[in-house]
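An overview of the molecular structure
What follows is the residue order along each chain.
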Amino acid sequence: MWSWVYRSLLVGVCLLTLWVGVPAPAAARDLSKQAPQDQFIQLGTADSQLVFVPKELSFHNGVLYRLHLSNPSQLKHYFTAKDFADAVWTRKLEVAGVEIKGQIREIELKPGAAVEWQFIPLKSGVYSLICTIPGHAEAGMLGRIIIGD
Ligand SMILES: [Cu+2]
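Before going into details, it helps to say that this report is about the structure given with it.

A look at the overall build of the protein
When helices and strands are counted, the protein shows 2 helices and 11 strands. If you list the helices and strands of the protein from N to C, you get α-β-β-β-β-β-α-β-β-β-β-β-β. When burial is assessed residue by residue, the protein has 34% of its 149 residues classed as buried. Taking all contacts inside the protein whose residues are at least 6 apart in sequence as the whole, residues at least 24 apart take part in 74%.

Remarks on the coordination of the copper ion
Around the copper ion, the donor atoms from the protein are His77 (ND1), Cys131 (SG), His136 (ND1) and Met141 (SD), and they sit 2.0 to 2.7 Å away. Because the angles between the 4 donor atoms bound to the copper ion fall within 84 to 133°, the donor set is best described as irregular. Sequence spacing of the donor residues for the copper ion, all on one chain, is H-x53-C-x4-H-x4-M. Within this pair, whereas Cys131 is found in the loop between strand S10 (125-130) and strand S11 (142-148), its partner Met141 is found in the loop between S10 and S11, the two being separated by 10 residues in sequence. We classify Cys131 as buried; its relative accessible area is 1%. For Met141, a relative accessible area of 0% gives the class buried.

A look at the pairing of strand S9 (residues 114-121)
In terms of burial, S9 is largely enclosed, as 6 of its 8 residues are buried. As paired elements, strand S4 (residues 65-70) and S9 share 6 bridges and run antiparallel to each other. Opposite Arg66, over in S9, you have Gln118 as the bridge partner. Of the pairings in the sheet, the one linking strand S6 (residues 88-95) to S9 comprises 6 bridges and is antiparallel in character. Within S9, the residue paired with Glu94 across the bridge is Glu116.

A word on the packing of aromatic side chains
For the coordinates displayed, the defined rule picks out 10 aromatic pairs. Residues Phe84 and Phe119 carry aromatic rings whose centres are separated by 5.4 Å and whose planes lie at 90° to one another, so their mutual orientation is edge-to-face. With a gap of 35 residues between them, Phe84 in helix H2 (residues 82-86) and Phe119 in strand S9 connect regions that are remote in the sequence. Take Phe84 and Phe119: they sit in the same class, and that class is buried. Through a chain of ring-to-ring contacts, the aromatic side chains of Phe52, Phe59, Tyr65, Phe79, Phe84, Trp117, Phe119 and Tyr127 assemble into a single cluster.

Focus on the side chain of Asn71
Tracing the backbone shows Asn71 in the loop between S4 and strand S5 (77-80). For Asn71, a relative accessible area of 1% puts it in the buried group. A distance of 3.0 Å separates a polar side-chain atom of Asn71 from the backbone oxygen of Leu109. When near neighbours in sequence (up to four residues on either side) are disregarded, Asn71 contacts Leu43, Lys76, His77, Leu109, Lys110, Pro111, Gly112 and Ala113.

Reading the values: the criteria
Residues numbered from 1 in each chain as written. Predicted model: local features only at pLDDT ≥ 70, side-chain atom pairs only at ≥ 80, totals over all residues. Heavy atoms only, no water. Helix = DSSP H or I, 4+ residues; strand = E, 2+ residues; numbered from the N terminus. Buried < 20%, exposed > 50% of the residue type's maximum accessible area, 1.4 Å probe, protein only. Contact = heavy atoms within 4.5 Å. Donors = N, O, S within 2.8 Å, 3.2 Å for Na, K, Ca; no water. Tetrahedral: all angles 85-135°; square planar, octahedral: opposite > 155°, others 65-115°. Pairing = 2+ DSSP bridges. Phe/Tyr/Trp six-rings, centres within 6.5 Å; stacked < 30°, edge-to-face > 60°. Polar contact = N/O pair within 3.5 Å; in protein donor to acceptor, adjacent residues only side chain to side chain.

In structure tokens, the structure reads:
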């Protein structure tokens, strides 16, 4: 009689342990609904240096970013980082009241222009950034973008 009670209790405790020990499935999260994290990059400088400021940007996978690009110089510049662009999901590109959705490959900024790019990095890596205007990369208009976990 008592052994039957003990055995039942033991089985009950084991079942309870199994039940408690099974993790619940993670709640699915809509990554596009995060509040964006702001980052800034300047293409060129007001005194006409051919540089990206900063020269290096760093992002984390799965985080929504709003990258503010601006060109304070007197020359036009390109933000060209094709492999980086392929490693992110673009939510939108916003400029002067216009929103552009879809994959972004390259952004050209005329003197004084500014644009906001919202994206979520998807793939870790170190990507090169370059301004493709002839002579600009040679003069130092190069950078690096890092995506990590
Ligand atoms: Cu340039």
